[in-house]
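# An overview of the molecular structure
Chain residues, written in single-letter form:
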Amino acid sequence: MEGAAERAEVVRATLLVRVGMLLLQSLSSALVPNVGDMWELARDGRINAFVAPANASQCQGNLDRIIVTLMGGTSTWDGQHFMFIARHGYLLERHFAFFPLLPALLSLPTDTVMTSSLDLTSPVLCPEAQLLVSGAVLNLVCQVATSCLLYSLALHVTSDARVGRLSMLLFIFNPASVFFTACYSESLFLALTTAALLALHKELAIGSALLFSLASSTRANGIVNAGFFGYIFLLQMCGKHKRTTLLDKLWRMTEAAVCALVTAAPYLLFQYYAYVRECGGAQISIPPDIRAFVDDVNSHPSYHSWCESPLPCVYSFVQGTYWDNGLLSYYTLNNAPHFLLAAPMLLAVWHTVSGLYSVYRQPLRLFGMQALSDKEKLIPPAAVQLVFYALFAVFFMNIQVVTRLLLASCPMLYIMWGTLLNMEMTSSNIRPTQDPTNHRPLLSDLWVIREHWARFSWHTRCFFSWVGAYLLLGFLLHPNRLPWT
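Everything in this summary refers to the structure shown in the same document. Please read these numbers as outputs of a predicted model, since none were measured by experiment.

## Some details on helix α17 (residues 379-396)
Here α17 contains 18 residues, and its C-alpha end-to-end distance of 25 Å stays within 8% of the 26 Å for a straight helix at 1.5 Å per residue. Along α17, the residues that are buried comprise Ile379, Pro380, Pro381, Ala382, Ala383, Gln385, Leu386, Tyr389, Ala390, Ala393 and Val394.

Here it is, written out as structure tokens:
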């Protein structure tokens, strides 16, 4: 594949697979409706998950009912929070755990855009259906963009087209695929982070910082990406192409500091916005039809207690108070099954890092300062970021989210997996003995895995089995509001 032809193949494959997954999600939620509610009622006698108040009178059209029935599964769990924010803004204290870019994009198709051609004052879709359609379209666009960007990034890092194809395939069939189809921020965050890394690899520091800042407007962990600029600065000061003049060093230091600040700025501004809004006595307008709901949800004993902190930070307060995040706070016997769900992802991280270390032993010992080529300069900081996220999730977070956290935050992980898989295929001389795909490389790579399954190592077969099992289980459980990783 070369040029336009290869990009067309990437787009075609992504659209085919992701639309198929959206249909799988629709089928799952349509065939077993309300099973999540029944499970929670049987277990606890009440529904614990956040469910935004619905105005049934607004979704009476036939098209509304079809969309809500088929696509309602994309708005379960965190999707409910994002849709509520998109419709009403930040009325609930707990919603400051969710950053504003995704809700802002979901709410863009307003009633004045989606109107009937016969009656321009009447919206075609009710608000809930509009948000569901907006989320599906936005996710699809982000996934196609991520596939193309990931393929380009892999080519820049490895100069190997098959690694690019394998990386892209591992993304579109990743074990957390259900979260990239749901009304979550994973698709948007990964697209922006991948674009930023590609710009950084091309030495477009300012463009990369702006893209990273958009990622930080999507998810709080976007500020971690500021570390890439610190690493690039160290590489320029201590690497084999280090800068020599004092003026040049000062310029590079200033550039790195500015880019890191731009990356972190949305997080800081969002905390300031929350403080002014929640602690400054501002009058907040609440629609009458949801006022009782808002007052009930906000009636927490610790409501607004973070305002009295010497260094008020609503994000850390909300994560600890409403989601029980904190050092070892998730280490209870009841949460043991969640650790088992997270174990395959953590094992995959261990195998990935140890495999990369065996390939780049000397360069990684020097942290890439001397021996790595320019094209491989993102590998050391990406490996450090991957390990940091994994350790942070183990000790501070709800551990079950580690799978989607890493797969949405670390684009280089797919390239690492593609590199290790390509090395195994090359060393074992795994290639198609027959090619029924009309010489279409992406399909050919899938055919090779199917045709030579037994020739892959046992841990690679376990990896593929895990990916397939989690992908299918995710689409069975998550749309029906059953617990999933």
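Once you've had a look at it, read on.
## Let's talk about the packing of helix α9 (residues 186-201) against helix α18 (residues 402-409)
For any two helices packed against each other, one specifies the crossing angle of their axes together with the interaxial distance. Interaxial distance between α9 and α18 falls to 8 Å at its minimum, and their mutual angle equals 35°. For the pair α9 and α18, contact is made by Glu186, Phe189, Leu190 and Thr193 and by Arg404, Leu407, Ala408 and Ser409, respectively. Considering only residue class, the contact of α9 with α18 consists of four nonpolar, two polar and two charged.

## Quick look at unusual backbone geometry
Even without a glycine there, the phi angle at Asp324 is positive, about 60°. You can see Asp324 is positioned in the loop between α14 (314-322) and α15 (336-359). Overall, Asp324 belongs to the partly exposed group, its relative accessible area being 47%. Phi angles above zero are rare outside glycine, and Leu328 is one such case at about 60°. Mapped onto the secondary structure, Leu328 falls in the loop between α14 and α15. A relative accessible area of 43% places Leu328 in the partly exposed class.

## Comments concerning the nonpolar core
With 85 residues, the main nonpolar core has Met345, Leu406, Met412 and Trp417 as its most contacted residues. When neighbours within four sequence positions are excluded, Met345 is seen to be in contact with Val402, Thr403, Leu406, Leu407, Leu413, Trp417 and Trp466. Core analysis: the second largest hydrophobic core is formed by 41 residues, Phe96, Cys126, Leu132 and Leu188 among them.

## Notes on the environment of Gly72
Checked against the element boundaries, Gly72 lands in the loop between α3 (62-71) and α4 (78-88). In this structure the C-alpha to C-alpha distance between Gly72 and Ala30, which are 42 residues apart in sequence, comes to 8.7 Å.

## Overview of the side chain of Arg162
Of note, Arg162 is situated in helix α7 (residues 161-172). One buried charged residue, Arg162, forms no salt bridge at all, with the nearest opposite charge on Asp445 at 5.2 Å. Separated by 2.6 Å, the side chains of Arg162 and Asn422 make a polar contact. Sequence-distant contacts of Arg162, that is, excluding residues within four places in its chain, are made with Asn422, Met425, Thr426, Ile430 and Asp445.

## Remarks on the pattern of salt bridges
Two side chains with opposite charge may pair up if their charged atoms get near one another. Taken as a whole and judged by the stated rule, the model has nine salt bridges. Arg219 is the partner of Glu186 in a salt bridge, and the nearest nitrogen-oxygen pair spans 3.1 Å. Here Glu186, found in helix α9, pairs with Arg219, found in the loop between α10 (205-216) and α11 (226-238); they are 33 residues apart in sequence, far enough to count as distant. There is no split in this pair, since Glu186 and Arg219 are both buried. Across the pair Glu186 and Arg404 runs a salt bridge, and its minimum N-O distance is 2.9 Å.

## Points about the packing of α9 against α10
Relative orientation of the contacting elements α9 and α10 amounts to 165°, with a least axis distance of 8 Å. With respect to each other, α9 and α10 are oriented roughly antiparallel. Considering the relative orientation of α9 and α10, their crossing is left-handed. For the pair α9 and α10, the contacting residues are Phe189, Leu192, Thr193, Ala195, Ala196, Leu197, Ala199 and Leu200 in the first and Gly207, Ser208, Leu211, Phe212, Leu214 and Ala215 in the second. Tallied by class, residues from the contact of α9 with α10 come to eleven nonpolar, three polar and no charged.

## Notes on the packing of aromatic side chains
This structure, assessed with the given rule, holds 34 aromatic pairs. Aromatic pair Phe171 and Phe180: ring centres 5.8 Å apart, planes at 85°, arrangement edge-to-face. Per residue, the accessibility class of Phe171 equals that of Phe180, and both read buried. Note on Trp417 and Trp466: the rings are 6.4 Å apart at their centroids and 85° apart in plane angle, and the pair reads as edge-to-face. Of this pair, Trp417 sits in helix α19 (residues 411-427) while Trp466 sits in helix α21 (residues 458-477), and the two are 49 residues apart along the sequence. Accessibility assignment for this pair places Trp417 and Trp466 in one class, buried. Taken together, the ring pairs connect Phe171, Phe180, Tyr414, Trp417, Trp453, Phe456, Phe463, Phe464, Trp466, Tyr470 and Trp484 into an aromatic cluster.

So, how was this worked out
- Residues numbered from 1 in each chain as written.
- Predicted model: local features only at pLDDT ≥ 70, side-chain atom pairs only at ≥ 80, totals over all residues.
- Heavy atoms only, no water.
- Helix = DSSP H or I, 4+ residues; strand = E, 2+ residues; numbered from the N terminus.
- Expected span 1.5 Å × (residues − 1).
- Buried < 20%, exposed > 50% of the residue type's maximum accessible area, 1.4 Å probe, protein only.
- Axes fitted to C-alpha atoms, helices over the stretch in contact; angles between N-to-C directions.
- Contact = heavy atoms within 4.5 Å.
- Nonpolar A, V, L, I, M, F, W, Y, C, P; charged D, E, K, R; others polar.
- Core = buried A, V, L, I, M, F, W, Y, C linked by side-chain atoms within 4.5 Å.
- Lys, Arg positive; Asp, Glu negative; His and termini not counted.
- Salt bridge = Lys/Arg side-chain N within 4 Å of Asp/Glu carboxyl O.
- Polar contact = N/O pair within 3.5 Å; in protein donor to acceptor, adjacent residues only side chain to side chain.
- Parallel < 35°, antiparallel > 145°, perpendicular 65-115°, else oblique.
- Left-handed = near helix turned anticlockwise from the far one by under 90°.
- Phe/Tyr/Trp six-rings, centres within 6.5 Å; stacked < 30°, edge-to-face > 60°.

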